[in-house]
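A look at the structure
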2 protein chains.
Amino acid sequence: MKNRLNIVRSVVAGVSAAVASNICAADRPNIIFFLVDDYGWSETSLQIGEEQYPNNLKFRTPNMERLARRGTLLTNAYACSVSTPTRCSLMTGMNASHMHITNFCSLFKDRPSDAIGGAPGTTNPNESDIFANPEWNHNAICPVSFRNEADKNRYGLNHTTYITPMVELLRDAGYYTIHVGKAHWAPAGNPGSNPYNFGFMTQIAGSGNGHPKSYQPEDYYGNLPGNGDFSSIQNMSQYYDSGVHLCEALTLEALKTLETPIKRDEPFYLYLSHYSVHTPIQRDDRFIQRYLDAGLDENAARYASMVESMDKSLGDVLDYVDRKGIADNTVIIFYSDNGGHCLAHDKGGEPHTQNLPLREGKGSCYEGGIRVPLMFSWPGKIAPGTRINTPVINEDFFPSILEIAGVSDYHTEQTLDGQSLVKLITKGSEAVAEATRKGEITDRRQANRYVIPESVSGIDPGRPLIFHYPHQYRVEDQDDIDFLSAIRQGDWKLVYRMHTGELELYNLADDIGERNNVAEANPALVRQLAGTLSDRLRGWNAPMPTVRATGQPVAMPDRLIRN
Amino acid sequence: MKNRLNIVRSVVAGVSAAVASNICAADRPNIIFFLVDDYGWSETSLQIGEEQYPNNLKFRTPNMERLARRGTLLTNAYACSVSTPTRCSLMTGMNASHMHITNFCSLFKDRPSDAIGGAPGTTNPNESDIFANPEWNHNAICPVSFRNEADKNRYGLNHTTYITPMVELLRDAGYYTIHVGKAHWAPAGNPGSNPYNFGFMTQIAGSGNGHPKSYQPEDYYGNLPGNGDFSSIQNMSQYYDSGVHLCEALTLEALKTLETPIKRDEPFYLYLSHYSVHTPIQRDDRFIQRYLDAGLDENAARYASMVESMDKSLGDVLDYVDRKGIADNTVIIFYSDNGGHCLAHDKGGEPHTQNLPLREGKGSCYEGGIRVPLMFSWPGKIAPGTRINTPVINEDFFPSILEIAGVSDYHTEQTLDGQSLVKLITKGSEAVAEATRKGEITDRRQANRYVIPESVSGIDPGRPLIFHYPHQYRVEDQDDIDFLSAIRQGDWKLVYRMHTGELELYNLADDIGERNNVAEANPALVRQLAGTLSDRLRGWNAPMPTVRATGQPVAMPDRLIRN
């Protein structure tokens, strides 16, 4: 209410406030979407799981803990296993397989990242000996306004998914929309590489980039003369040689842009999309000493300093909204675009172990690749300090954010797959708080297992969530990462390993690490989950690899089950 | 009126329109500042002078002619002789010498462009054997909000002029402020290299850049991997390999950003600051054939195609405001930041001749360096198709634009030197139209000589205008360019050649080419002009070079006159 009312007051001086306040009924909170890149579920001192894991002691993220105390923590939150599919899904409300965008997009248009390498002049095919890469929309997403012949000729707009962008709907509803940081909605050479095409009014440092060339001011964030490339960070010349790590520079820029909507008393949507903690793993000098002193090796300490740097940014955001007096009218969402990297050796540690207790990491449909931290805070609407067990997924944000903003009755080019989480995070969190007051929940384990019924939350805790990665992530085959699909339904998860044709079943409530395959003991459940997964993928005409030996598409999982 | 009224209507549904329209009285037109770089006064088919010059036949700029028919053409408009001083003056309302910003800023902070070359690791001193370079504010301008110890330590903020930016005042008054193209208000490493620090809400492709590395989409505008440097154009990845010349790409982006304020019914300020027609001289394929067919050599044809490309952008802007139905409420200003280049051989022709009939070009205080095209259109307020003879200068835009926007009662850190041109372009243009109707003006020569009295225009046609370039422009001394000062007062112009200590006097009404030095015949006039020029420079504590032989500053011009 505050926003509209004050516009009226400033423009219609003399019209009584009583009249104005009667006219303006809707509440339009500010929304800050704080997105972290490649950030694993367990890489935080915020203990999201039932138990305390070694990672919780290794990393220091006091501001994530602070946000969890203010809002609600979703302990079973999911993303796609790589960046572009999640980010496009946030903009479209679609499942990645439905968009046919199942892999990260490359650096330049018309160059599928899995087939010929990203940048013009390079060849770095991530190809398997067994499977040929699928057809997919490697030019990623593009607003429908570019679907005309002139633009199709000008840009690379084959293999493109045309969509109505969420941010455009927010802007058209009166939100002041701001993009800061990583975009990665489409490759360079395409309209989707330009955040302004999605409805952002302000944009800083966003492009087709999937990661920065450097986070360091002495490297000019990758812009040293003669050294620039597609991953050089733009719009940051102010901070060259300033001693300011990219993570802090983006935060300073983001908060500065908020001055305008706050002065204008307009609701804002800030998409603060950090490049951190993606590779390259580079120290933040403000924080590294603590980790070296704690005995971490150089690589691990560097990564931990990046995590704390990201957490400091979150703290700066929280301090800012408090200082400006807008905390009560600001929704903050904390999320990661996929699981933590488990192959980048410069994070320290042994490959495939960095996300423990979760199995594997980025690229994989095992939990390490897709389960991510997620929090919502919304004072007065969300019960603070609560935990929500209901599984949620990236395509849910589109309808959620529009509902939070009071935007309804909108038309989209695309068919939405997600569901609004608003009732879940408001009524659901209140139910959790009530159960806690009643003594039904007394510890973290109980909280993490408390099931909120659909009648309260609007979300069926047993709805199927679909994951699908029909690609090879790196040049060398990684059996636990490449060519996997998965479905989660309730506590159960089925993993389809396309390479071997295996179907694995895990009960996540008892086996979050996916160590104990119980498929053989539960054939009916396997059949049901494989059927649902197959039906969804078929319905979406999801990209599938081709078996080189036969020239046929890889079989859908339900075809592997003997009748 | 339209803007405010419609905000009220959309927000306060139910309050009668009669009430609302009584409350809202002020008119806030949209403003488009169309700025061209290094564009000479005679390089157009629009005949600004009294006569038709060969350049008027060489270049084709139908949209400049179209704008002149819509608005008023100021035939005696001035800028500084190089880029940064003019651009900073637009942002501050100060004379360049008063700001102590008398040369273009370099690529990186703390590196005066005249002393040590622009980019770190380079040395390219533009030093004279006779004079040592002056102290000047080579870190250029910075908003006052950065004048604290933390920022001073973080950035290069010695040799900086702290100012209140014009655009911030516009934004705070409710204007939707947009930056597209060249900024060049300060070097990289400083807050002044970031357009967002000046009050822009949207910014595209602006930085400390003085020119682009390339205008060509196949070069990715200078961003080919391994090829980037400080002059690579940012935020344009959408257009890589699209066939779209940078000039058109910036136009497309600029017009796209206008959709938002138009939808929101907010007045906008669009600063469309083309990199064209600065070096590198690169063809626009859409237009070059005409010039080759006309017999121009390759270099000259390339340059002419860039000029027509720029003119096409102006036409696209005019078409856009017509198509959107906002032409009647939109002020368009056309201006160049300094005179045309006369040394760049790749423009074609002999050096020092490109701006004929004007003497010399960029860098010089002769007319070729400082006299530039200027037009204002404002339907209903400015008499169309008129010419204004009154001399005006870059520092006049700050108060003019704020008055056009209805912004008054503002505080600035700096002391303004300019005067508002609003009465001149409205009442003054009406006086010219009236004189034409009465038959007092019947041809272009009479129009260009018609003097509008101060009582009508608010501007004394005999006020002194000060120009001062205490630098060497290039490595080799250029006698007609380096180390010059000048004053124009009425039709008279005094040029001070510091190298030789000469004072030259020209009557521009009869000798626009400054060929006939009449100083000897007019000692009293020389004394008066030298005195006024010296008083202004002393009052501003203007930067002066040092004579190497004596270690003393170069003498003020009044010291050269024998009593």
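Residues numbered from 1 in each chain as written. Chains lettered and ligands numbered in written order. Predicted model: local features only at pLDDT ≥ 70, side-chain atom pairs only at ≥ 80, totals over all residues. Heavy atoms only, no water.

**Points about the relation of the copies chain A and chain B**
In this structure, two copies of a chain are linked by a rotation about an axis accompanied by a shift along it. Basically, it comes down to this: Superposition of the copies was done by least squares, using only C-alpha atoms of residues whose pLDDT is at least 70 in both. Contacts are assigned to residue pairs that have any heavy atoms within 4.5 Å of one another.
In screw terms, the move from chain A to chain B is a rotation of 180° and a rise of 0.0 Å along the axis, fitting with an RMSD of 0.0 Å. Accordingly, the operation relating the two chain copies is best matched by a two-fold axis. Both copies present the same face, since 100% of the interface residues in chain A are matched by interface residues at the equivalent positions in chain B.

**As for the packing of helix H9 (residues 246-264) of chain A against helix H11 (residues 298-323) of chain A**
Residue and element names in this part refer to chain A. Put simply, the rule reads: Every angle, taken between N-to-C directions, lies between 0 and 180 degrees, and every axis is a line fitted to C-alpha atoms, over only the stretch in contact when it is a helix. Numbered from the N terminus, helices here are DSSP runs of H or I no shorter than four residues, and strands are runs of E no shorter than two. Small angles under 35 degrees read as roughly parallel and large ones over 145 as roughly antiparallel, with 65 to 115 read as roughly perpendicular and the rest as oblique. Helix crossings are classified by the rotation of the near helix relative to the far one: an anticlockwise turn of less than a right angle makes the crossing left-handed, while a clockwise turn makes it right-handed.
Close contact between H9 and H11 brings their axes to 9 Å; oriented N to C, the two are set at 20°. The orientation of H9 with respect to H11, classified from their angle, is roughly parallel. As for how H9 packs across H11, the hand of that crossing is right-handed. Within the contact between the two elements, H9 uses Cys247, Thr251, Leu255, Leu258, Glu259 and Ile262 and H11 uses Ser309, Met310, Ser313, Asp316, Val317 and Tyr320.

**Looking at the sheet that holds strand E15 (residues 484-489) of chain B**
Residue and element names in this part refer to chain B. As a reminder of what qualifies: Two strands are said to pair when DSSP picks up at least two bridges between them.
Spatially, E14-E15-E16-E17 is the arrangement adopted by the four strands of the open sheet, whose pairing is antiparallel. The sheet is open, and its two borders are formed by strand E14 (465-469) and strand E17 (502-507), each paired with just one other strand. In this sheet, neighbouring strand axes are inclined to one another by 15° on average, regardless of whether the strands run parallel or antiparallel. The pairing of E14 with E15 spans five bridges and is antiparallel.

**What about the interface of chain A and chain B?**
Selection criterion: Each salt bridge in this description consists of a side-chain nitrogen of Lys or Arg and a carboxyl oxygen of Asp or Glu lying within 4 Å of one another. Two N or O atoms count as a polar contact when they lie within 3.5 Å, although within protein this holds only if one can serve as hydrogen donor and the other as acceptor, and sequence-adjacent residues are included solely when both atoms are side-chain atoms.
The interface of chain A with chain B comprises 61 residues on the first partner and 61 residues on the second. Linking chain A with chain B are six salt bridges. In this structure, the salt-bridge partner of Glu266(B) is Arg264(A), at a minimum N-O distance of 2.3 Å. On the surface where chain A and chain B come into contact, there are 32 residue pairs in polar contact (both at pLDDT 80 or more).

**Observations concerning a negative patch on the surface**
Worth spelling out the cut-off: Patch membership needs two things, relative accessible area over 30% and no salt bridge, and members are linked within 9 Å if like-charged or within 5 Å if nonpolar (Val, Leu, Ile, Met, Phe, Trp, Tyr). Accessible areas in this description were obtained via Shrake-Rupley with a 1.4 Å probe; residue shielding takes into account the shown protein chains only. In summary, the charge assignment counts Lys and Arg as positive and Asp and Glu as negative, without counting His or the chain termini. Taken as the charge centre is NZ of Lys, CZ of Arg, CG of Asp or CD of Glu, depending on the residue.
Together, Asp129(A), Glu476(A), Asp477(A) and Asp479(A) make up a region of like negative charge exposed at the surface. Following the sequence through the fold, Asp129(A) ends up in the loop between helix H6 (96-99) and strand E4 (131-132).

**Considerations on the sheet that holds strand E8 (residues 202-204) of chain A**
Residues and elements named next belong to chain A. Read across the open sheet, the eight strands follow the order E8-E7-E9-E1-E10-E12-E2-E13; overall the sheet is mixed. In the strand order of this sheet, the two ends are held by E8 and strand E13 (386-388), each with one partner. With strand direction ignored, the average angle separating the axes of adjacent strands in the sheet is 15°. Two strands pair when backbone bridges link them, and strand E7 (residues 176-181) and strand E9 (residues 268-273) are joined in this way by six bridges, in the parallel orientation. What sits directly across from Gly181, in E9, is Ser273. Its contacts with the sheet put helix H4 (residues 62-70) on strand E10 (330-336) and strand E12 (374-377), and the angle it makes with E12 is roughly 55°.

**As for the environment of Leu358(A)**
Relative to the helices and strands, Leu358(A) resides in the loop between E10 and helix H12 (367-370). Apart from residues no more than four positions distant in its own chain, Leu358(A) is found in contact with Trp41(A), Glu367(A), Gly368(A), Arg371(A), Ile512(A) and Arg515(A).

**Concerning unusual backbone geometry**
Convention followed: Between buried and exposed lies partly exposed: a residue is buried under 20% and exposed over 50% of the maximum accessible area for its type, with that area taken using a 1.4 Å probe on protein chains only.
The step from Ser276(A) to Val277(A) runs through a cis peptide bond, and the omega angle for that step is 5°. Note on placement: Val277(A) falls in the loop between E9 and helix H10 (288-293). At Phe483(A), a residue that is not glycine, the phi angle is positive and equals roughly 50°. Within the fold, Phe483(A) resides in the loop between strand E14 (465-469) and strand E15 (484-489). Phe483(A) sits in the buried class, given a relative accessible area of 1%. Of note, the phi angle at Glu360(B) is positive, near 60°, even though the residue is not glycine. On the secondary structure map, Glu360(B) appears in the loop between strand E10 (330-336) and helix H12 (367-370).

**Details of the confidence of the model for chain A**
Do not read the fine detail of predicted coordinates wherever pLDDT is low. Residues and elements named next belong to chain A. Condition: Per-residue confidence from the predictor is reported as pLDDT, a score between 0 and 100.
When the pLDDT values of chain A are averaged, the result is 93; 93% of them are 70 or greater. Here residues 1-26 scores under 50 on pLDDT; set against residues more than four positions off or in separate chains, the count is 44 contacts. Model confidence for the complex is summarised by a pTM of 0.94, with the ipTM given as 0.93.

**Some points on the nonpolar core**
What counts here: Only buried residues count toward a nonpolar core, which is a set of Ala, Val, Leu, Ile, Met, Phe, Trp, Tyr and Cys residues joined through side-chain atoms within 4.5 Å.
Judged by nonpolar contacts, the single largest core of 140 residues is most densely connected at Met236(A), Met310(A), Phe334(A), Met236(B), Met310(B) and Phe334(B). Discounting residues that sit within four places of it in the chain, Met310(B) has contacts with Phe34(B), Val36(B), Tyr39(B), Met64(B), Cys247(B), Ser276(B), Val277(B) and Phe334(B).

**Comments concerning the pattern of salt bridges**
Where charged atoms from two side chains of opposite charge approach closely, those side chains can pair. Applying the stated criterion across every chain, the model contains 76 salt bridges over all chains. For Asp285(B), the salt bridge is made with Arg283(B), and the minimal N-O distance between the two is 2.9 Å. Using a relative accessible area of 30% as the deciding quantity, one classes Arg283(B) as partly exposed. Among the charged side chains, a network of salt bridges with common partners joins Arg359(A), Asp480(A), Arg497(A), Glu502(A) and Glu504(A).

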